[in-house]
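What follows is each chain in one-letter form.
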Protein chains: 2
Amino acid sequence: MATDTIGKRIGILGGGQLGKMLCQAGSRLGLMLSVMDKDHTFPAYSVCPNFTMGDITSYEDVMAFGSNADILTIEIEKVNIEALEALEREGKEVYPRPSSLRIITDKGKQKIFYEGAGFPTSDFVLYKSKDEIINDVEQGTLKMPFVQKLRTEGYDGRGVHVVKTDDDMVALLEGASVVEDLIDVDKEFAVIVARSVSGEMAAYPVVEMQFHPMANLVEFLFSPSTIPSAKQIEASQLAIQLAEKLEMVGLLAVEMFLDKSGKIWINEVAPRPHNSGHHTIEACAISQYEMHLRALLDWPLGSTEQLRYAVMVNLLGAEGHNGAAEYQGLREIMAMSEVYLHIYGKKETKPFRKMGHVTITGSSLEEAIAKAHQVQNTLKVISS
Amino acid sequence: MATDTIGKRIGILGGGQLGKMLCQAGSRLGLMLSVMDKDHTFPAYSVCPNFTMGDITSYEDVMAFGSNADILTIEIEKVNIEALEALEREGKEVYPRPSSLRIITDKGKQKIFYEGAGFPTSDFVLYKSKDEIINDVEQGTLKMPFVQKLRTEGYDGRGVHVVKTDDDMVALLEGASVVEDLIDVDKEFAVIVARSVSGEMAAYPVVEMQFHPMANLVEFLFSPSTIPSAKQIEASQLAIQLAEKLEMVGLLAVEMFLDKSGKIWINEVAPRPHNSGHHTIEACAISQYEMHLRALLDWPLGSTEQLRYAVMVNLLGAEGHNGAAEYQGLREIMAMSEVYLHIYGKKETKPFRKMGHVTITGSSLEEAIAKAHQVQNTLKVISS
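All values reported here derive from a predicted model rather than from experimental measurement.

**Here we look at the overall build of chain A**
Step number 1: The secondary structure content of chain A amounts to 12 helices and 21 strands.
Step number 2: Summarising its shape, the C-alpha atoms of chain A cover approximately 65 × 55 × 45 Å along the three principal directions.
Step number 3: Out of the 384 residues in chain A, the part that is buried amounts to 60%.
Step number 4: A separation threshold of at least 6 residues defines the contact pool for chain A, and within that pool the share at least 24 residues apart is 62%.
Step number 5: Seen as two clouds, the 37 positive and the 52 negative side-chain charges of chain A have centres 2 Å apart.

Written out as structure tokens, the structure is:
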């Protein structure tokens, strides 16, 4: 009986915008959701009275929070995995599974996993420190160009450094890292797949990304992608196989590259709702947020069908602005049709901080992209 | 600057499902919403931490709640209007205006207003008590069939009594009432219009209703209506004129009849989001809930365009079931495509109580209606 399922208490670690949107999806279904994060300034608090103040990286706080939930999930990977492992041993349902999280939260382990399982990933070497990298470059055993990624501290484009020339060597990151071949990228795209407790799977249409040149954040994405359909099918199959191999429960967002020779490479994955799936709220039959919850509850996943063409624009804090957030150009974009504004409710803006997003839909991709440019030229997050 | 507008604190009187959905729409836009209602079992609490426990019919409670808001609005008409009038005098923005509410909350005044302003409404007589009605029937000055409506206590089909034969006379309602001619109804439909502070107006496509034969509640609606397009235009124009005459700010839902001779009659109005507009969440460019908030904030209203055919099914408590709510058939309907489940989160079910709704969309009306029948045959709210 479905009744039992609605009664399950779902605890979400992390109260950022992804947590907020999970709560919004869950509240429509009448689910019992709770959230833990540091304080009430976090976006999810505004939609979740069942909010516990606590540190999601603290063993004690996660254990305490978990004791009041039947199912635990995350909206950010940087959580206390030891606590999640302990909760799983106690019989709580923890999704993604801590064993999957162990792999995904360490970019070194991720690469070893891809290689071992035969997924296409660029060649790599693991390093303990930046001195080792400098040494290998001096010895000639490591050749430019390459990409350095910190194994555990990367998020939202942070912790990634591209080295093309000697000048880039000074900015090498300190800490254990993966150094991988720089792929000659033609396109960047992502596939979000869902896998339920009992193993049902669903994949969203491929979304294609454009990155902000300075912040290394997704600035703009559109869906469905325009890469050749054979490549889209290949990408979806890879994402599905990856989610199975990782024994995922919930969403897995798989970021991939298409190189200039037409080969697909797996870049990295996120075991949760993802920035590249925001548009599913308005453009797809079921949003990624609802899909994640369905997967955790072992409900039928339903349809990932995309009903409208969509573009998603991240609303980033403007450069040179720090402080209380103000939104310029709001009225102008409110007058546009099929332009869906999401303001996360963060009080303070800073350059490139994700303050919201706008999804633009249309009956053609061209129409949606044209409106997206207009939105980007109009809407700014500044400080007062 | 739009900044000032986002900063306005909007207080909602009433924490039912309409309040909940207003909060859901507002939270996406990052608005500062608060809600007042009796206790935390009310649906809106689950999405609004800024929830004040209080009695919306109490002068003191409404005054106290209003002191912490810049704009006051309602999700149910049965509120303390004296307090809203006092708050308006203090300079608060109160929408709908108390003067509009005074007319709308008294079905006698509503009828007088329609008649005075020349809107098509059935002939009527005002009565102070049921004895007066009995007397007029005995005297032969009041002839069956007629409809008796309590002037102030009606809601969701309650407070309405149809008298066709002598047998119906025993169930006449006690209290001041309007007695009006029974219209020979061919179709029932509604038009939801919005009017902003500065007078911008927008109308949603006409929705057509089917009533539950026993509960006198909307059981099923579909949009757009299939009544002749000339009639739809006439209905929209009537609704717009009515909202202007009433000096509405926010939404006005206008329920109308089409009689068998093809004439349109205004039945009654609601100055707030309405059951007949639930489908706008998934089927229209902008939902009625967001539209209401835009109107209060004097933002551009944007588009009311309907992007998919839609059917809305109220999810009512099953007959014979009282107690803790359980949802039967949930998994089956979750597997259907474009079927959007809204569970309000009320703990207790009782016969015909509105426990949720389901919006079904499709690329044709026939497709959506067929799925709606399937939903109605599958999904039940029972008690454990």
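**Quick notes on the side chain of S383(B)**
Residues and elements named next belong to chain B.
Step number 1: With respect to the secondary-structure elements, S383 resides in strand β21 (residues 380-383).
Step number 2: Residue classification places S383 among the buried positions, given a relative accessible area of 14%.
Step number 3: Within the structure, the side chain of S383 is placed 3.4 Å from the backbone oxygen of N322, a separation counted as a polar contact.
Step number 4: When near neighbours in sequence (up to four residues on either side) are disregarded, S383 contacts H321, N322, G323, A324 and T349.

**Quick word on the packing of helix α3 (residues 59-66) of chain B against helix α4 (residues 81-89) of chain B**
Residue and element names in this part refer to chain B.
Step number 1: Where α3 contacts α4, the axes come no closer than 8 Å and their chain directions differ by 35 degrees. The way α3 lies across α4 gives a crossing that is right-handed. Every residue of α4 that contacts α3 at Y59, V62, M63 and G66 is listed here: E82, A83, L84, A86 and L87.
Step number 2: Looking at side-chain class alone, the contact of α3 with α4 contains seven nonpolar, one polar and one charged residues.

**Some details on unusual backbone geometry**
Step number 1: Cis peptide bonds are those with omega within 30 degrees of zero, and the linkage from Y95(B) to P96(B) qualifies with 0 degrees.
Step number 2: With an omega dihedral of -5 degrees, the bond running from S223(B) to P224(B) counts as a cis peptide bond.
Step number 3: Mapped onto the fold, P224(B) is located in the loop between β13 (218-223) and α8 (229-245).
Step number 4: With a phi close to 55 degrees, E247(A) is a non-glycine residue in the positive phi region.
Step number 5: Here E247(A) is to be found in the loop between α8 (229-245) and β14 (250-259).

**Topic: the relation of the copies chain B and chain A**
The operation relating the two chain copies consists of a rotation about an axis and a shift along that axis.
Step number 1: The two copies are related by a screw motion: chain B maps onto chain A through a turn of 180 degrees and a shift of 0.0 Å along the axis, at an RMSD of 0.0 Å. Taken together, the rotation and translation relating the two chain copies correspond to the operation of a two-fold axis.
Step number 2: Mapped onto chain A, 100% of the interface residues of chain B again fall at the interface, so both copies present the same surface.

**Regarding the interface of chain B and chain A**
Step number 1: Listed as interface residues are 41 residues of chain B and, on the opposing side, 41 residues of chain A.
Step number 2: For the chain B and chain A pair, buried surface summed over both sides reaches about 3,800 Å², with 61% attributable to carbon and sulfur atoms.
Step number 3: Taken as a group, R28(B), R331(B) and M334(B) account for 19% of the area that chain B buries against chain A, more than any other trio of residues on that side.
Step number 4: Connecting chain B to chain A are zero salt bridges.
Step number 5: At the surface where chain B touches chain A, the tally comes to 14 residue pairs in polar contact (both at pLDDT 80 or more).

**Concerning the packing of aromatic side chains**
Step number 1: Across all of its chains, the model carries six aromatic pairs over all chains by this definition.
Step number 2: Aromatic pair Y45(B) and F51(B): ring centres 5.4 Å apart, planes at 85 degrees, arrangement edge-to-face.
Step number 3: Using a relative accessible area of 22% as the deciding quantity, one classes Y45(B) as partly exposed.
Step number 4: A ring pair is formed by F113(B) and F119(B), whose centres lie 6.4 Å apart and whose planes are at 20 degrees; its orientation type is stacked. With respect to burial, F113(B) and F119(B) carry one shared label: buried.
Step number 5: The residue whose ring lies beneath K263(A) is W265(A), and the NZ or CZ to ring-centre distance is 4.6 Å.

**Digging into the environment of R102(B)**
Step number 1: By secondary structure assignment, the location of R102(B) is in helix α5 (residues 98-104).
Step number 2: When residues no more than four places from it in sequence are discounted, the contact partners of R102(B) are I81(B), E82(B), E85(B) and K109(B).

**Here's the deal with the sheet that holds strand β19 (residues 348-349) of chain B**
Residues and elements named next belong to chain B.
Step number 1: Across the sheet, three strands lie side by side as β19-β17-β21; this open sheet has antiparallel pairing. Two strands in the sheet have a free side with no partner beyond their single neighbour: β19 and β21.
Step number 2: Strand direction decides the pairing type here: strand β17 (residues 323-328) and β19, joined by two bridges, are antiparallel. In the strand pairing of β19, G323 is matched with T349.

**Quick word on the pairing of strand β1 (residues 9-13) of chain B**
Working note: regular strand, side chains alternate between the two faces of the sheet.
Residues and elements named next belong to chain B.
Step number 1: Summarising burial for β1: four of the five residues are buried, a large majority.
Step number 2: By the bridge criterion, five bridges tie β1 to strand β2 (residues 32-37) in an arrangement that is parallel. Counted as the bridge partner of R9 is M32 from β2.
Step number 3: Of the strand pairs in this sheet, β1 and strand β4 (residues 71-74) are connected by four bridges, and their pairing is parallel. Note on β4: the bridge partner recorded for G11 is L72.

**Notes on the pattern of salt bridges**
Between side chains of opposite charge, pairing is possible as soon as their charged atoms come close.
Step number 1: Here the structure, examined in full by the defined rule, presents 34 salt bridges over all chains.
Step number 2: Ionic pairing is found between E338(A) and R308(A), a salt bridge with its closest N-O pair at 2.7 Å. Of this pair, E338(A) sits in the loop between α11 (330-334) and β18 (339-343) while R308(A) sits in the loop between α10 (288-297) and β16 (309-316), and the two are 30 residues apart along the sequence. The same class applies to E338(A) as to R308(A), namely buried.
Step number 3: K231(B) serves as the salt-bridge partner of E234(B), at 3.3 Å between the closest nitrogen and oxygen. With a gap of three residues between them, E234(B) and K231(B) both fall in helix α8, about one helical turn apart.
Step number 4: Residue E234(B) is classed as partly exposed on the basis of its relative accessible area, which comes to 32%.
Step number 5: By relative accessible area, which is 22% here, K231(B) ends up partly exposed.

**Concerning α4(B)**
Residue and element names in this part refer to chain B.
Step number 1: Within the sequence span of α4, burial applies to I81, A83, L84, A86 and L87.
Step number 2: The inward-facing, buried residues of α4 contact β1, α3, β4, β5 (93-94) and α5.
Step number 3: Between a side-chain oxygen at the N-terminus of α4 and the backbone nitrogen of E82 the separation is 3.3 Å; the capping residue is N80.
Step number 4: Of the residues flanking the end of α4, it is G91, one or two places downstream, whose phi is positive at about 105 degrees.

**Overview of the environment of A230(B)**
Step number 1: Residue position: A230(B) is located in helix α8.
Step number 2: Separated by 85 residues in sequence, A230(B) and P145(B) have C-alpha atoms that sit 30 Å apart.

What counts and what doesn't
Residues numbered from 1 in each chain as written. Chains lettered and ligands numbered in written order. Predicted model: local features only at pLDDT ≥ 70, side-chain atom pairs only at ≥ 80, totals over all residues. Heavy atoms only, no water. Helix = DSSP H or I, 4+ residues; strand = E, 2+ residues; numbered from the N terminus. Buried < 20%, exposed > 50% of the residue type's maximum accessible area, 1.4 Å probe, protein only. Contact = heavy atoms within 4.5 Å. Lys, Arg positive; Asp, Glu negative; His and termini not counted. Charge placed at Lys NZ, Arg CZ, Asp CG, Glu CD. Polar contact = N/O pair within 3.5 Å; in protein donor to acceptor, adjacent residues only side chain to side chain. Axes fitted to C-alpha atoms, helices over the stretch in contact; angles between N-to-C directions. Left-handed = near helix turned anticlockwise from the far one by under 90°. Nonpolar A, V, L, I, M, F, W, Y, C, P; charged D, E, K, R; others polar. Least-squares fit on C-alpha atoms with pLDDT ≥ 70 in both. Buried area = accessible area lost by both parts, 1.4 Å probe. Salt bridge = Lys/Arg side-chain N within 4 Å of Asp/Glu carboxyl O. Phe/Tyr/Trp six-rings, centres within 6.5 Å; stacked < 30°, edge-to-face > 60°. Lys NZ or Arg CZ within 6 Å of the ring centre and 35° of its normal. Pairing = 2+ DSSP bridges.

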